[in-house]
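One-letter residues, chain by chain:
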Protein chains: 2
Amino acid sequence: MALQNYNSEDKVLLAVDCIIFGFDGKDLKILLIKRDFEPKRGSWSLIGGFLKKEENLDAAAIRILHHLTGLHNIYMEQLYAFSKVDRDPAERTISVAYYALIDIASHDADLIQLDTAQWFSLHDAPDLIFDHDDMVNRALARLRRRALSKPIGFELLPTKFTMRQLQKLYEAILDKKLDKRNFINKFNSLGILEKLDEKDMTASRKGAFLFQFDADKYNAKVEEGFSFKL
Amino acid sequence: MALQNYNSEDKVLLAVDCIIFGFDGKDLKILLIKRDFEPKRGSWSLIGGFLKKEENLDAAAIRILHHLTGLHNIYMEQLYAFSKVDRDPAERTISVAYYALIDIASHDADLIQLDTAQWFSLHDAPDLIFDHDDMVNRALARLRRRALSKPIGFELLPTKFTMRQLQKLYEAILDKKLDKRNFINKFNSLGILEKLDEKDMTASRKGAFLFQFDADKYNAKVEEGFSFKL
DNA sequence: ACAACAAGTGTACAATGTACACATTTTAGG
DNA sequence: CCTAAAATGTGTACATTGTACACTTGTTGT
């Protein structure tokens, strides 16, 4: 902003890379692709692309995610701009990272077709190219904080879920065991879940009641000054 | 990342804009400059500049802050990348915002020389160009959260400060009155302040003891799993 | 010496967090 | 048909933390 004209300033490539988190009922996972082009052909990386002049970053992130995975209507949030000078050996590139949350089961159909993409548990994911490991670590830290202060966990679950699944999700995100009774009591006291009459019969003989997140009730409470704190 | 060569991709100008917060013992302020060039000559804006190819964003933010204000060794943190397509009418520009925290009194000498820059209380700051008001709002939200979870408030105070000053600072950041006894009790229970033998005699006849932030003690406690929560 | 002024200090109660164990429901299999 | 197996579902006592609240202390200018 300091100069009278912008012509003398450097222009750079602006990449968008996406950390896609998924949950399969047990583990927190990330979606990676195997690069079939140079540099670093054959290495694993996040999915990414470049910003076009006529779109903003959110739109670029949505476009890139959709183009490479077929996924629509996915929760995404801007994470951080990574700018180490030599981060991409091919050319000076700044990358703005976004993270996305999806329920793996609900999107299986879209994702099966991807033969270059693969889910990895966070524990046994391969090393990634460039600074992509930094991106994943920062995304994970953000996810952990957000999961405690915003009701974004539901993005990783089917619309209807059992309390057990919800608890397993939080255990996976926070990487620690939680107490069943305390977890359920706390969540119920928030008053943003609707208990359905349906039961999930797949995991036990007794069956477990299904719940769903009530976004209307949540928004109404937020209006009144409520804030989600787990 | 999806293409074999990068040549066909758009390049853009990457700006860095700085939200500079200061505290004068009473109000939380931001430092603004009056633009003396087009577009929007005469309007108030954040200080900013453009990323150069051979530096990363942190370095650019430091350089820009120093170049326009003379300030050194200032706490800065990357905030967010703003990318609305028409945000800068002159040219397609993405801006990565940083926010900085400084103690106004300690840096008076550096800042007096700036005749185009001026401190404004958040309450009566003018409208800013482009999306700079969005930037300030987002920075303020970040500052509020950070002030409760990291000991960054000290960046806005002199090295030695009274409990009263510290409380006033938090009241300014959070924009609400706090209870004196509860505030002091809570802060002392953190065990990261050192009480000095000196008193500040400027604000009362009795005088108020000075304290300073003990970064070593803080870091040691963090190692042991402590985390600052106000 | 006393009035004025900010500094400094503790307690009772409420709200929240945490640890913890057993009864219930259903069906697969003998 | 009866029983065993497996996961669901539920409450309480205690500890910790948060919150509301008022008076005494120390100093100096008049």
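Residues numbered from 1 in each chain as written. Chains lettered and ligands numbered in written order. Predicted model: local features only at pLDDT ≥ 70, side-chain atom pairs only at ≥ 80, totals over all residues. Heavy atoms only, no water.

Visitor: I tried to follow a positive patch on the surface on my own but got confused; where do I start?
Guide: Side chains of R138, R145, K150 and K229 of chain A together with R138, R145, K150 and K229 of chain B sit close together on the surface and give a patch of like positive charge. Mapped onto the fold, K229 of chain B is located in the segment after α6 (215-223). (Patch = residues over 30% accessible without salt bridge, like charges linked within 9 Å, V, L, I, M, F, W, Y side chains within 5 Å. Areas by Shrake-Rupley, 256 points an atom, 1.4 Å probe, with all protein chains shown as cover. Salt bridge = Lys/Arg side-chain N within 4 Å of Asp/Glu carboxyl O. Lys, Arg positive; Asp, Glu negative; His and termini not counted. Charge placed at Lys NZ, Arg CZ, Asp CG, Glu CD. Helix = DSSP H or I, 4+ residues; strand = E, 2+ residues; numbered from the N terminus.)

Visitor: It is not clear to me how the environment of R145 of chain B should be interpreted in this structure. Could you clarify?
Guide: Residues and elements named next belong to chain B. Note that R145 resides in helix α3 (residues 132-149). Given the relative accessible area of 42%, R145 is considered partly exposed. Here the alpha-carbon distance between R145 and L174, two residues 29 residues apart in the chain, equals 9.1 Å. (Buried < 20%, exposed > 50% of the residue type's maximum accessible area, 1.4 Å probe, protein only.)

Visitor: Help me out: how do you make sense of the pairing of strand β10 (residues 208-213) of chain A in this one?
Guide: Residues in a regular strand project their side chains so that they alternate between the two faces of the sheet. Residues and elements named next belong to chain A. Where strand β8 (residues 161-162) meets β10, 2 bridges bridge the pair, whose relative direction is antiparallel. Across the sheet, the residue bridging to T162 is L210, located in β10. As paired strands, strand β9 (residues 193-200) and β10 are joined by 5 bridges and run antiparallel to one another. What sits directly across from E194, in β10, is Q212. (Pairing = 2+ DSSP bridges.)

Visitor: Would you mind going over the protein's contact with DNA strand D with me for this structure?
Guide: DNA strand D sits among 17 residues. The nearest are K180 and K206 of chain A together with N182, R205 and K206 of chain B. Within 4 Å of the protein, atoms of DNA strand D come from sugar and phosphate in 36% of cases. Residue F209 of chain A places a main-chain N or O atom 3.1 Å away from a phosphate oxygen belonging to DNA strand D. A distance of 2.8 Å is found between a base oxygen of DNA strand D and a side-chain nitrogen or oxygen belonging to K206 of chain B. Of all the secondary structure elements, the ones that give two or more residues to the surface near DNA strand D are α5 (180-190) and β10 of chain A together with α5 (180-190) of chain B. For the surface near DNA strand D, the element with the most residues is α5 of chain A, which contributes 4 residues. (Near = heavy atom within 4 Å. Polar contact = N/O pair within 3.5 Å; in protein donor to acceptor, adjacent residues only side chain to side chain.)

Visitor: What exactly am I supposed to notice about the side chain of H132 of chain B here?
Guide: Residues and elements named next belong to chain B. Summarising the element assignment, H132 is placed in helix α3. By relative accessible area, which is 0% here, H132 ends up buried. Reaching out from H132, the side chain makes a polar contact with the backbone nitrogen of L46 at a distance of 3.1 Å. Sequence-distant contacts of H132, defined by excluding residues within four places in its chain, comprise D17, S45, L46 and R87. (Contact = heavy atoms within 4.5 Å.)

Visitor: Which parts of the structure should I look at to understand the domain arrangement of chain A?
Guide: The accessible area lost on association of the parts is a frequent measure of interface size. All names here are of chain A. Taken domain by domain, chain A consists of domain 1 (13-149) and domain 2 (158-223). Distance between the C-alpha centres of domain 1 and domain 2: 27 Å. Each side of the interface is counted separately: domain 1 has 11 residues, and domain 2 has 9 residues. Contact with domain 2 buries surface across domain 1, with F23, R144 and A147 losing the most and accounting together for 48% of the total. Our count for the contact surface shared by domain 1 and domain 2 stands at 0 salt bridges. Our count for the domain 1 to domain 2 interface comes out at 2 residue pairs in polar contact (both at pLDDT 80 or more). (Domains from an automatic or database assignment. Buried area = accessible area lost by both parts, 1.4 Å probe.)

Visitor: Looking at this model, I keep getting lost on the interface of chain B and chain A. Mind explaining?
Guide: Taken together, the contacts link 43 residues of chain B with 43 residues of chain A. At the boundary of chain B with chain A, the tally comes to 2 salt bridges. Between E91 of chain A and K11 of chain B there is a salt bridge; the shortest N-O distance is 2.7 Å. At the junction of chain B with chain A, the criterion picks out 15 residue pairs in polar contact (both at pLDDT 80 or more). Secondary structure elements with two or more residues in the side of chain B that touches chain A: β1 (11-23), β4 (47-50), α1 (57-69), β5 (75-82) and β6 (93-103) of chain B. Of all the elements, β1 of chain B adds the most residues to the side of chain B that touches chain A, at 6 residues.

Visitor: Help me understand the protein's contact with DNA strand C in this model?
Guide: Taken together, 17 residues sit near DNA strand C, with N182, R205 and K206 of chain A together with K180 and F209 of chain B positioned nearest. In DNA strand C, the atoms that sit within 4 Å of the protein are 38% sugar and phosphate, with bases accounting for the remainder. Between a base nitrogen of DNA strand C and a side-chain N or O atom of R181 of chain A, the distance comes to 3.3 Å. In the model, a base nitrogen of DNA strand C is placed 2.9 Å from a nitrogen or oxygen of the N182 of chain A side chain. Elements supplying a minimum of two residues to the surface near DNA strand C: α5 of chain A together with α5 and β10 (208-213) of chain B. Ranked by residues supplied to the surface near DNA strand C, first place goes to α5 of chain B with 4 residues. For the surface near DNA strand C, the residue count by class is 3 nonpolar, 5 polar and 9 charged. (Nonpolar A, V, L, I, M, F, W, Y, C, P; charged D, E, K, R; others polar.)

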